[in-house]
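# Inside the fold
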Amino acid sequence: MHIVADENIPLIEQFFGDFGDITRVAGRTMTQEDVAKADILLVRSVTQVNRELLEGSSVKFVGTATIGTDHIDLECLKEAGIGFASAPGCNAQAVVDYVLSALSVVVDSRGIDFRDLSVGIVGVGNVGLLLRQRLEQMGLTVLACDPFKEEDDVGELTTLDKVLGCDVVSLHTPMEKGGDHPTWHLIGDAQLQQMMTDACLINACRGAVVDNDALLKHLHDNPDFVAVLDVWEGEPELNRELLDFCALATPHIAGYSLDGKMRGTELVYQGACEFFGLPERLKLGQFLPEPGIRRVDFSAEVPVHQALRTAIRASYEIRVDDGVMRSVIRHSQNLRESFDRMRKDYPLRRDTINLKVGVPARAHDLQDALEAAGFDVRSR
């Protein structure tokens, strides 16, 4: 068999080498010619897999190493009898790490504790549910809404209007233009006006869930409003002025931990094995490297809030990615190329669960707080 894969998907050779020969191509510019002779097509979110791309090809199986599937014409695949697998939940931990790092910057800028924040979550799928559980364990007040979920599965739900009244609103929905509950421009001028003038909006799902023009106007009119954007309407072409008004800005990398990306490859590998009736011989644990920072130790004298901030940022420091993006975009002559280059060359980053945190055995409050935030706490 012949496999055509997005060049940014890790471990393709390791997981799919036994399937056949592999050709890597740029996902955003993938063409009908690229996939014409492919039996297996592996993509990420930047490739639109539709009739136009697949027409005349020999593709039998499509895998997307992403949570979302809005870039895949599922009806087209079904009609053509093409197998399909996605990677639901593969980078949920990474996105939660991203949100926690953003919140650590917010609480620092306001001189408050994490538990002083109320957080509204829009969308309680794999990411939103894990975020909710993590924040509630940390003692934050959390409101959530999702018209597709039942309270028995994800906890108490409320309306979007009530969620918009929280200090922080974090978006974790798929991108849908149609249906009973479209999410395209779900957050527009009317919704922004409902939020507090000093609220924080975090978007780490899909750029067009937020009306970027309305957000820019809102930031112009409300200087205390905080925007944290990882995704952008029209990316990789983005509004430079909006970037300048954001408190934190990153190039669609919230879920770009090594663990998350590799887990996505493993999940589509499992889907391919099932479709073709092949045994699963490989597991992700065979390929994961050691984390760059393996352990952080605290004394009993460290304030709990300081330990939380330090551990969160040791695991993932959002301000580094923000600084890199601003520098790259400021000097860029080609936004599309620069945006994709930042994603392609994104440095090694590991999930929070890989960071061991040492605390004295008697520091129970410190241990409880760090465990609630998702760290592997070792008492000594």
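In the annotation of an unreviewed UniProt entry, the chain is listed under the name Erythronate-4-phosphate dehydrogenase and assigned to Thalassolituus maritimus. Turning to the chain, the UniProt annotation filed under Pathway (unreviewed entry) states: "Cofactor biosynthesis; pyridoxine 5'-phosphate biosynthesis; pyridoxine 5'-phosphate from D-erythrose 4-phosphate: step 2/5." Turning to the chain, the UniProt annotation filed under Catalytic activity (unreviewed entry) states: "4-phospho-D-erythronate + NAD(+) = (R)-3-hydroxy-2-oxo-4-phosphooxybutanoate + NADH + H(+)".

### Some points on the UniProt feature "binding site: NAD(+)" (unreviewed entry) in the chain
Within this structure's numbering, the places UniProt gives as "binding site: NAD(+)" (unreviewed entry) are D146, T173, D230 and G255. Residue position: D146 is located in the loop between β7 (141-145) and α7 (151-154). By relative accessible area, D146 is classed as buried at 12%. With residues near it in sequence (within four places) discarded, D146 still touches G123, V124, G125 and L157. At 2.9 Å, the side chain of D146 forms a polar contact with the backbone nitrogen of F148. Along the chain, D230 falls in the loop between β10 (226-229) and α11 (240-245).

### Description of the pairing of strand β9 (residues 200-203)
The alternating pattern of β9 places C200 and I202 on one face and L201 and N203 on the opposite face, and all of these are buried. Both strand β8 (residues 168-171) and β9 contribute to a ladder of four bridges, which runs parallel. Bridge pairing in β9 places S170 opposite I202. Assessed by its sense of winding, the connection that carries the chain from β8 through helix α9 (residues 189-194) to β9 is right-handed. In this structure, β9 lies alongside β10, joined through four bridges in parallel fashion. Directly across from N203, in β10, lies its bridge partner L229.

### As for the UniProt feature "binding site: substrate" (unreviewed entry) in the chain
Using the residue numbers shown here, the UniProt feature "binding site: substrate" (unreviewed entry) corresponds to S45, T66 and Y256. A stretch of 212 residues holds the annotated residues, and the largest C-alpha distance among them is 12.3 Å, short enough that they meet in one place. Along the polypeptide, T66 turns up in the loop between β4 (61-64) and α4 (74-80). Once residues within four sequence positions are removed from consideration, T66 is found in contact with R44, S45, H71, S86, A87, P88 and C90. Of the polar contacts made by the side chain of T66, one reaches the side chain of T64; its length is 2.7 Å. Relative to the elements of secondary structure, Y256 occurs in the loop between β11 (248-249) and α12 (258-276). Overall, the relative accessible area of 4% leaves Y256 in the buried class.

### Description of the pattern of salt bridges
In total, this model carries 22 salt bridges according to the counting rule given. Of the charged contacts in the structure, one is a salt bridge between D70 and R206, with a shortest N-O distance of 3.2 Å. Of the two residues, D70 is situated in the loop between β4 and α4 and R206 in the loop between β9 and α10 (212-221); the sequence distance between them amounts to 136 residues. Note on D70: relative accessible area 34%, which makes it partly exposed.

### A closer look at the pairing of strand β1 (residues 2-6)
Within a regular strand, side chains alternate between the sheet's two faces. The element β1 is extensively covered by neighbouring structure, given that five of its five residues are classed as buried. Residue alternation in β1 divides its side chains into two sets, H2, V4 and D6 and I3 and A5, and both sets are buried. As judged from the five bridges shared by β1 and strand β2 (residues 21-25), these two strands associate in the parallel manner. Bridging from a neighbouring strand, H2 pairs with D21 of β2.

Rules behind the numbers
Residues numbered from 1 in each chain as written. Predicted model: local features only at pLDDT ≥ 70, side-chain atom pairs only at ≥ 80, totals over all residues. Heavy atoms only, no water. UniProt positions renumbered as here; feature names shortened; annotations may be inferred. Helix = DSSP H or I, 4+ residues; strand = E, 2+ residues; numbered from the N terminus. Buried < 20%, exposed > 50% of the residue type's maximum accessible area, 1.4 Å probe, protein only. Contact = heavy atoms within 4.5 Å. Polar contact = N/O pair within 3.5 Å; in protein donor to acceptor, adjacent residues only side chain to side chain. Pairing = 2+ DSSP bridges. Right-handed = clockwise from strand over helix to strand, strands pointing away. Salt bridge = Lys/Arg side-chain N within 4 Å of Asp/Glu carboxyl O.

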